[in-house]
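Structure assessment
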Amino acid sequence: MSQPLLSVIVPVYNAEKYLERCVSSIVNQTYRNLEIILIDDGSTDRSAEMCDAWSGADNRIKVLHSKNHGVSHARNMGLDLARGDWITFVDNDDWLEPDMYDLMIRNGGGADVDICIGGYTMDIELNDDPNPTRATPPCSKGAAQIFLRDEMLIKMFSYDEPKLFGASVWDKIYRRKLIEGVRFEERFAARGEDTLYSTEIFLKARAALYLPLQKYHYVMHGVSSVHGNISTASARALECNDLIRQKLENASDDVRAAFEQWYFVVVIGVLRVLMVLAPSEFEQRIRAGQSFIRRHLFSIVKTNVKPTRARMLLIAGACYFTLPFFVCKLLRPFIKMKTD
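Summarised in this report is the structure supplied together with it. (Residues numbered from 1 in each chain as written. Predicted model: local features only at pLDDT ≥ 70, side-chain atom pairs only at ≥ 80, totals over all residues. Heavy atoms only, no water.)

Observations concerning the sheet that holds strand S3 (residues 61-66)
- One open sheet accounts for eight strands, arranged S3-S2-S1-S4-S10-S6-S11-S9; its pairing is mixed. Of all the strands in the sheet, just S3 and strand S9 (145-148) have a single pairing partner and so form its edges. Strand-to-strand, the axes of this sheet are offset by a mean angle of 20°, without reference to chain direction.
- Direction of pairing for S9 relative to strand S11 (residues 207-210): antiparallel, over a ladder of four bridges. From the neighbouring strand, Gln 145 faces S11, where its bridge partner is Tyr 210.
- Contacts between helix H7 (residues 193-204) and the sheet are confined to strand S4 (86-89), strand S6 (115-117) and strand S10 (172-175), with S10 contributing the most and set at about 45° to the helix. (Pairing = 2+ DSSP bridges. Helix = DSSP H or I, 4+ residues; strand = E, 2+ residues; numbered from the N terminus. Axes fitted to C-alpha atoms, helices over the stretch in contact; angles between N-to-C directions. Contact = heavy atoms within 4.5 Å.)

Concerning helix H5 (residues 149-157)
- Restricting attention to buried positions, one finds in H5 the residues Met 152, Leu 153, Met 156 and Phe 157. Projected down its long axis, H5 carries its buried residues within an arc of 115°, all on one side. (Buried < 20%, exposed > 50% of the residue type's maximum accessible area, 1.4 Å probe, protein only. Arc of directions from axis to C-beta.)

A look at the layout of surface pockets
- Taken as a whole, the second largest pocket holds about 370 Å³ of empty space.
- Lining the second largest pocket are 16 residues, and of these Ile 268, Arg 272, Leu 313, Leu 314 and Gly 317 sit closest to its centre.
- Counting only elements with at least two residues in the lining of the second largest pocket, the list comes to helix H9 (253-277) and helix H12 (308-321).
- Among the elements that take part in the lining of the second largest pocket, H12 stands out by supplying seven residues, more than any other.
- Of the residues in the lining of the second largest pocket, the class split is twelve nonpolar, two polar and two charged. (1 Å grid on protein atoms, 1.4 Å probe; cavity = no way out; pocket = protein on both sides within 12 Å on 5 of 7 lines; lining within 4 Å. Points joined across faces, edges and corners; volume = space filled by probe spheres on them. Nonpolar A, V, L, I, M, F, W, Y, C, P; charged D, E, K, R; others polar.)

With respect to the pairing of S4
- Judged by which residues are buried, S4 turns out to be covered on both faces: Trp 86 and Thr 88 on one side and Ile 87 and Phe 89 on the other are all buried.
- As paired elements, strand S1 (residues 6-12) and S4 share four bridges and run parallel to each other. The residue bridging Ile 9 from the neighbouring strand is Phe 89, located in S4.
- Two strands pair when backbone bridges link them, and S4 and S10 are joined in this way by three bridges, in the antiparallel orientation. Following the sheet pairing, Trp 86 is matched in S10 by Arg 175.

Considering H12
- In this model, H12 (14 residues) spans 20 Å end to end at C-alpha, consistent with the 20 Å of a helix rising 1.5 Å per residue.
- For H12, every residue scored as buried is listed here: Leu 314, Ile 315, Gly 317, Ala 318, Tyr 320 and Phe 321.
- Taken together, the buried residues of H12 touch H9, helix H10 (283-295), helix H11 (297-301) and helix H13 (325-330). (Expected span 1.5 Å × (residues − 1).)

Looking at the pairing of S1
- Burial analysis of S1 places seven of its seven residues in the buried class, the great majority of the element.
- Burial along S1 is two-sided: Leu 6, Val 8, Val 10 and Val 12 and Ser 7, Ile 9 and Pro 11, pointing in opposite directions, are all buried.
- Bridge count for S1 against strand S2 (residues 34-41) is seven bridges, and the pairing is parallel. Among the inter-strand pairings, Leu 6 is bridged to a residue of S2, identified as Leu 34.
- Read from S1 through helix H1 (residues 16-27) to S2, the crossover connection turns out right-handed. (Right-handed = clockwise from strand over helix to strand, strands pointing away.)

Quick notes on the side chain of Asp 94
- Within the element layout of this structure, Asp 94 appears in the loop between S4 and strand S5 (95-96).
- For the buried Asp 94, no salt bridge exists, and the shortest N-O distance to an oppositely charged side chain is 6.4 Å, to Arg 21.
- Side-chain polar atoms of Asp 94 contact the side chain of Tyr 216, separated by 2.7 Å.
- A polar atom in the side chain of Asp 94 sits 2.9 Å from the backbone nitrogen of Val 219.
- Those residues in contact with Asp 94 that sit more than four places away from it in its chain are Cys 22, Tyr 216, His 217, Tyr 218 and Val 219. (Lys, Arg positive; Asp, Glu negative; His and termini not counted. Salt bridge = Lys/Arg side-chain N within 4 Å of Asp/Glu carboxyl O. Polar contact = N/O pair within 3.5 Å; in protein donor to acceptor, adjacent residues only side chain to side chain.)

In structure tokens, the structure reads:
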């Protein structure tokens, strides 16, 4: 019996420092039946040249060069090229342990599921430290188990502990038939596009298999990978979650309740950024958010966000935004936060 083909889509943008480690970790997977698609998203360093060199060295690798349009556009180009029975994504500065895809295909392919979720480990690399801190990821190991559609959505949005998985696309593999016709919304690049995409996919799925592998290494650097104006990007994150809210209108009560809690955290976080960075430019949006918070203050206070400190900060933020706009603006010095 032939092994299913797994398409691995890697958007590449100015990643010469990390690309060798990333691609090597994919090429050297013990699962060999791979189609590796490198999308050079208009890199201005040596990344494009490195992609071409890898293509010449391994006939499983395809390279496509494009003008810079962002990670969502690059992923969509990869989806248009992918031929695999299963499809997955890797970020260009992350890396994988050698048996990750072998375990996921072997277990997920043998189960009656549309998605296999493997978990991840977070590597914090600051100041070019050759020995990164290996942090405990937000998603804990838990136990191998199958989740049905509503259970997947509730787990993704909820703040219950243990938090087994989130909305990221790189710790999951998807059956091709599940994601056909679903594409990333490009205007939300790097600010919510994974959550929107995962919501659409989970709504179509029958079930997902969760495996406590944590063999994907998500690398955090000292400099944010989000380009452009952070206040504009944050406002788009709120717009993205408004769209998710619409898509869940016909979902079950439990799913919508889990999302509402998630949405409270997003709204307060985005309003805080906008108030600190550009209150005049985004006054109308902030006022609309304040009105929402005032209407839902009782529900926000009752949220089950964990840990307790995070819940207290959420409630404090909600109470702050119940104040009149001009008062919130006067109090800006007291809520300043690191945003760069």
